[in-house]
Amino acid sequence: MPHETALIATLAAGLGLAFLLGLFAVRFEVPPLVGYLMAGMLVGPFTPGFVADAGLASQLAEVGVILLMFGVGLHFAPKDLLAVRRIALPGALGQIAAATLLGAGLARAWGWSWTSSLVFGVCLSIASTVVLLRALEGSKGLQSIEGRIAVGWLVVEDLFAVLVLVLLPLLAPATGAAGGDAAFDWSTFVRELAWTVGKVAAFVGSMVVVGRRVVPWLLVQVARTGSRELFTLCVLAIALGIAFGASALFGVSFALGAFAAGIVVGETEMSHKAASNALPLQEAFGVLFFVAVGMLFDPAILVREPVRVLAVLSIILVGKTVTAFLIVIAFRYPLRVALEVAASLAQIGEFSFIVAALGASLGLLPEEARSLIVAGALISITFNAFLFRTLPSIERRLARSGGLTRLLERPAGALAEVAPEWNGDELRDHVVVVGHGRVGSWIAEELARRGTPYVVVEENREVVERARERGVRVLYGDAADAGVLERAHIRTARLLVLATPDPVQTRVMLEEARSIAPHVATVVRSHTLDDQRDLLRLGAERVVLGEEELARAMMRETRTILESTPHDAGAPATPDARSATLGAE
C-alpha cells in the first residue's frame, strides 16, 4: 500500500476488527480483550489477507503502554493496598515466586537459558488488573472482602512488574548474547544496577521536587480556562511528555515514566477530571496495544506445540490458582474468599505482554515465548470468565460438604468466638450486624450510642482485629456459615442486619439465617430493584434500596432549601442559608 496511507489502514483495520470481535466476545460473555487479541491475530503476518504495518503498530502500542501505565498510576491508591496489606503483600509475592519458579523450571526443561526462563516465569506470574476489574464489576464484587483482597494483591503485582521493567535492561549486558547461557557477569550487573538506581532516584527526586509542584499548578491554570479540549490536551501532554522525558533524560522506561506521571496527577484535586478526560484515548490506544500483541501471535503454535501450550496453561490455571488458594486459606480466611481470590488470579494479561515485549526487544526472550504467552492469555482469560460464572455453584457444593470445609478452613481462634468479657445476658434480644464496612460500622456505632446490645460478624481478619482493639463486639467469620451464625447467637437475636454489598452472598446469608432462626426479623441492604424483589421473596422484612434512600435524602434537602430561601432564581443560596439547611434535618 502507499506509505502515506499505512497509518490510516493500520488504525482502520485494527480498531474496526477490534470493535467487531470485541462486541462478538461480549455477546458470549467473554472479556472484550479476547476479541482485541484476535483482531491483532487477523491483521498480523501469520494469517492470510491484509497485514497491518508492524512498525506503526508497535509505535501505537507504545503509546498504549504509556496511557495504560498512566492510568494505573492515576488510580493507584495506597490506602486500598494498606487496608489488606497483611495478606496482599505476602500473598502476591508468594504467588509470584511460585509461578515464576514453575515457569522458569518449565522453560529450562525446554532448553532455554536461565535468564530467558526467569523472564518467561515472571510473565506467567502477573495477572491482568483490567480483566479482574471487569470480572468484579460484572459480579458486583468490587466492594466485597474478596474483591478488595484481589485488587490489593494485583496492585502489588503491578508494582512488581514496574520493578521488573526497570531491572530487565540490566540483564542483557550482564548475560551476554541473547538467549545464551553465558556466565552471569556480576560486576557488569552491579555496575549497571548502581547506575540505573541512580538515574531512577534522580527521576523520582525530580518528580517529587518539581513534578508535584508544577503539575498541580498547571492543571489548575488550564482548568480555569473552562476549555475541556485544552484540559484533555494538558493531561495527555503530561503523560506523554513525562514518559518521553524520563526515557530521554534519565534512561528509564516509558512505562515507569508514565506510571510516575499518573501518581503525580492522581494526588491532585483534578485527578477525577483528568481520569475522565483521558479515558477515551487511553481506552482507544489500549485497544491498539492489545491488537499489536495479537499480531505477534502465531496461531500455528496451537498445532505445532500443543504440549507446550497446555503446560503454560497448567501453570496459569492450576499452579497460580492453587498457590493463591493455599495462601489465603493459610491466612485463615473463609473457603469462599480463598476460592474467589484464587479464581481472580487464574489469568495473565497486559503486564505480561509489556514485560514479554521488553524482554524480546532486549534479546532475553525467544520469539516462541511471546506466542506461548499470548496463547496462554487468550485461553486463560476466556476460561476465567467461565470460571467466575460457575463459582457460586462450586461454593454451594463445597458448603454442603461440611467435612471438606472444616478440613480446609483452619480454626480462626479467639477472633471467631464470643469474648469472655461480653455479658451472656446481652446476647439475647440483641442485633446481629453482618459486615463492618462503611455501612455496618455506622450501624454498630449508632447501636452502641443507643445502648442496644449487638454483635457484628465480619470476614476480614484485619478489620476484626482493629475493631476489637476499639472495643467493638465483633466476631470473625462468614455469615453464610451456620456455625458462625450460631456463635453470634442468632437463635436468641431480635434482629439481623445484613449490611454487606455483595447481593449473591446476601441471599445465601439470608437463607442460612432463615433456616436456623425463622423468627428473627431482618433488615437487608440492596442495590437494585431486582435484588430487592428477590430478597423480599426470600423472607426479608425490610430491604433498603441504596439509590432510593439517597433520592429521598436529597429530596428532603431540596425541599428544605426551597422552603427556607426566597424565590429568586438568579440569587444563589448564601453560606448562612446552606448552613441552616444542613442543620435542619
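Residues numbered from 1 in each chain as written. Predicted model: local features only at pLDDT ≥ 70, side-chain atom pairs only at ≥ 80, totals over all residues. Heavy atoms only, no water.

**Student:** Would you mind going over the overall build of the protein with me for this structure?
**Tutor:** Helix and strand content of the protein: 25 helices and 6 strands. Intrachain contacts of the protein at a sequence separation of at least 6 include 73% that bridge at least 24 residues. Accessible surface for the protein amounts to roughly 27,600 Å². Of this, 65% is attributable to carbon and sulfur atoms. (Helix = DSSP H or I, 4+ residues; strand = E, 2+ residues; numbered from the N terminus. Contact = heavy atoms within 4.5 Å. Areas by Shrake-Rupley, 256 points an atom, 1.4 Å probe, with all protein chains shown as cover.)

**Student:** What am I meant to see in the side chain of Thr 100 here?
**Tutor:** Relative to the assigned elements, Thr 100 resides in helix α5 (residues 85-109). Ignoring anything within four residues of it in the chain, the contact list for Thr 100 reads Leu 118, Gly 121, Val 122 and Ser 125.

**Student:** Honestly, helix α22 (residues 503-516) in this entry has me stumped. Any pointers?
**Tutor:** Given 3.6 residues per helical turn, the α-helix brings residues three or four places apart onto the same face. Under the 1.5 Å per step criterion, the end-to-end length of α22 is 20 Å for 14 residues, consistent within 8% with the ideal 20 Å. Listed in full, the buried residues belonging to α22 are Pro 503, Gln 505, Thr 506, Met 509, Leu 510, Ala 513, Arg 514 and Ile 516. End-on, the buried residues of α22 take up no more than an arc of 165°, which puts them together on one face. (Expected span 1.5 Å × (residues − 1). Buried < 20%, exposed > 50% of the residue type's maximum accessible area, 1.4 Å probe, protein only. Arc of directions from axis to C-beta.)

**Student:** For this particular structure, what's the right way to read the packing of α5 against helix α14 (residues 306-330)?
**Tutor:** Two numbers describe a pair of packed helices, the interaxial angle and the distance between the axes. At a closest axis distance of 9 Å, the pairing of α5 and α14 adopts a crossing angle of 150°. Taken together, the axes of α5 and α14 are roughly antiparallel relative to one another. Relative to α14, the crossing made by α5 is right-handed. Along the contact surface, α5 presents Ile 87, Gly 91, Gly 94, Gln 95, Ala 98, Ala 99, Leu 102, Gly 103 and Leu 106, while α14 presents Ala 311, Val 312, Ile 315, Gly 319, Lys 320, Thr 323, Ile 327 and Val 328. Of the residues contributing to the contact of α5 with α14, the split by class is 10 nonpolar, 6 polar and 1 charged. (Axes fitted to C-alpha atoms, helices over the stretch in contact; angles between N-to-C directions. Parallel < 35°, antiparallel > 145°, perpendicular 65-115°, else oblique. Left-handed = near helix turned anticlockwise from the far one by under 90°. Nonpolar A, V, L, I, M, F, W, Y, C, P; charged D, E, K, R; others polar.)

**Student:** Looking at this structure, how should I read the nonpolar core?
**Tutor:** Looking at soluble globular proteins, one finds that nonpolar side chains tend to be buried together. By size, the foremost hydrophobic cluster in this structure holds 102 residues, and its most contacted members are Phe 120, Phe 289, Phe 353, Val 355 and Ile 373. It is helix α12 (residues 271-295) that contributes the most residues to this core, 12 residues altogether. Apart from residues lying up to four places away in sequence, Phe 353 is in contact with Leu 37, Phe 289, Phe 290, Val 293, Ile 373, Val 374 and Ala 377. (Core = buried A, V, L, I, M, F, W, Y, C linked by side-chain atoms within 4.5 Å.)

**Student:** Hey, could you run me through the pattern of salt bridges in this one?
**Tutor:** Side chains that differ in charge, positive against negative, can pair when their charged atoms come close. Counted according to the given criterion, the structure contains 14 salt bridges. When the shortest N-O distance is used, the salt bridge between Arg 552 and Glu 549 registers 3.1 Å. Remark: Glu 549 and Arg 552 occur in helix α24 (residues 546-564); sequence separation between them is 3 residues, near one turn of the helix. For Arg 552, a relative accessible area of 46% corresponds to the partly exposed category. Residues joined in a network through salt bridges with shared partners are Arg 507, Asp 531, Asp 534 and Arg 537. (Salt bridge = Lys/Arg side-chain N within 4 Å of Asp/Glu carboxyl O.)

**Student:** What is the right way to read unusual backbone geometry from this model?
**Tutor:** Trans peptide bonds make up most of the peptide bonds, and negative phi angles are found at most residues other than glycine. Although it is not a glycine, Asp 429 adopts a positive phi angle of roughly 55°. Residue class for Asp 429 comes out exposed when judged on its relative accessible area of 55%. Positive phi, normally seen in glycine, also occurs at His 489, with a value near 60°. Secondary-structure assignment places His 489 in the loop between α21 (482-487) and β4 (495-498).

**Student:** Sorry if this is basic, but what is going on with the sheet that holds strand β1 (residues 431-434) here?
**Tutor:** Neighbouring strands of a sheet are bound in pairs by backbone hydrogen bonds; such pairs are parallel or else antiparallel. Strand order in this open sheet of 6 strands is β3-β2-β1-β4-β5-β6, and the pairing throughout is parallel. The open sheet has two free edges, formed respectively by β3 (474-476) and β6 (542-545), since each of these has just one partner strand. For this sheet, the mean angle separating the axes of adjacent strands, direction not counted, is 20°. Against the sheet, α24 makes contact with β5 (521-526) and β6, and its axis sits at roughly 65° relative to β6, the strand it touches most. (Pairing = 2+ DSSP bridges.)

**Student:** Could you clarify how one ought to interpret the packing of aromatic side chains in this entry?
**Tutor:** Geometrically, a pair of aromatic rings is defined through the distance of the ring centres and the angle of the planes. With the rule as written, the count across this model stands at 9 aromatic pairs. Between Trp 110 and Trp 112, the aromatic rings sit 5.5 Å apart at their centres with planes inclined by 65°, giving edge-to-face as the arrangement. Summarising the aromatic geometry, the rings of Tyr 333 and Tyr 476 are spaced 6.5 Å apart at their centres and angled 85° between planes, so their arrangement reads as edge-to-face. Note that Tyr 333 is positioned in the loop between α14 and α15 (335-344) and Tyr 476 in strand β3, a separation of 143 residues in sequence. Comparing Tyr 333 with Tyr 476 shows no difference in burial state: the two are buried. The ring centre of Phe 231 lies 4.9 Å from the NZ or CZ of Lys 273, which sits over that ring. (Phe/Tyr/Trp six-rings, centres within 6.5 Å; stacked < 30°, edge-to-face > 60°. Lys NZ or Arg CZ within 6 Å of the ring centre and 35° of its normal.)

**Student:** Please clarify how a nonpolar patch on the surface should be interpreted in this entry.
**Tutor:** Residues Val 204, Val 208, Val 209, Val 210, Val 214, Trp 217 and Leu 218 make up a contiguous nonpolar surface patch of roughly 600 Å² in combined accessible area. Looking at where Val 209 falls in the secondary structure, it is placed in helix α9 (residues 186-224). (Patch = residues over 30% accessible without salt bridge, like charges linked within 9 Å, V, L, I, M, F, W, Y side chains within 5 Å.)

**Student:** Just to check I follow, could you spell out the side chain of Thr 506 for this structure?
**Tutor:** Positionally, Thr 506 belongs in helix α22. Residue classification places Thr 506 among the buried residues on the basis of a relative accessible area of 1%. The residues touching Thr 506, leaving out its near neighbours within four places in the chain, are Leu 498, Thr 500, Val 524, Arg 525 and Leu 535.

**Student:** What am I meant to see in the environment of Ile 149 here?
**Tutor:** Considering the arrangement of structural elements, one finds Ile 149 in helix α8 (residues 145-175). Remark: the alpha-carbon pair of Ile 149 and Leu 89, spanning 60 residues in sequence, is separated by 9.9 Å. Discounting residues that sit within four places of it in the chain, Ile 149 has contacts with Val 84, Ile 87, Ala 88, Tyr 333, Val 337 and Val 341.

**Student:** Even after reading the chapter, I still don't get the confidence of the model for the protein, so can you show me in this structure?
**Tutor:** A low pLDDT means the predicted coordinates there should not be read in detail. Per-residue confidence for the protein gives a mean pLDDT of 81, with 85% of residues at or over 70. Here residues 569-585 scores under 50 on pLDDT; set against residues more than four positions off or in separate chains, the count is 10 contacts. (pLDDT = per-residue confidence, 0-100.)

**Student:** Just checking my understanding: could you explain the environment of Leu 538 for this structure?
**Tutor:** Within the secondary structure, Leu 538 is located in the loop between α23 (529-537) and β6. Taking the C-alpha atoms as reference points, Leu 538 and Glu 511, 27 residues apart in sequence, are found 7.0 Å from one another. The residues contacting Leu 538, other than those within four sequence positions of it, are Arg 507, Leu 510, Glu 511 and Arg 514.

**Student:** I tried to follow helix α19 (residues 438-450) on my own but got confused; where do I start?
**Tutor:** The terminal C-alpha atoms of α19 lie 19 Å apart, and with 13 residues this matches the ideal 18 Å at 1.5 Å per residue to within 8%. Every buried residue of α19 is listed here: Gly 440, Ser 441, Ala 444 and Leu 447. The buried residues of α19 occupy one face: seen down the axis, they fall within an arc of 125°. Counted as exposed and oriented over 90 degrees from the buried face of α19: Arg 438, Trp 442, Arg 449 and Arg 450. Elements in contact with the buried residues of α19: β1 and β2 (454-458). Just downstream of α19, Gly 451 is the residue with a positive phi angle, here 75°.

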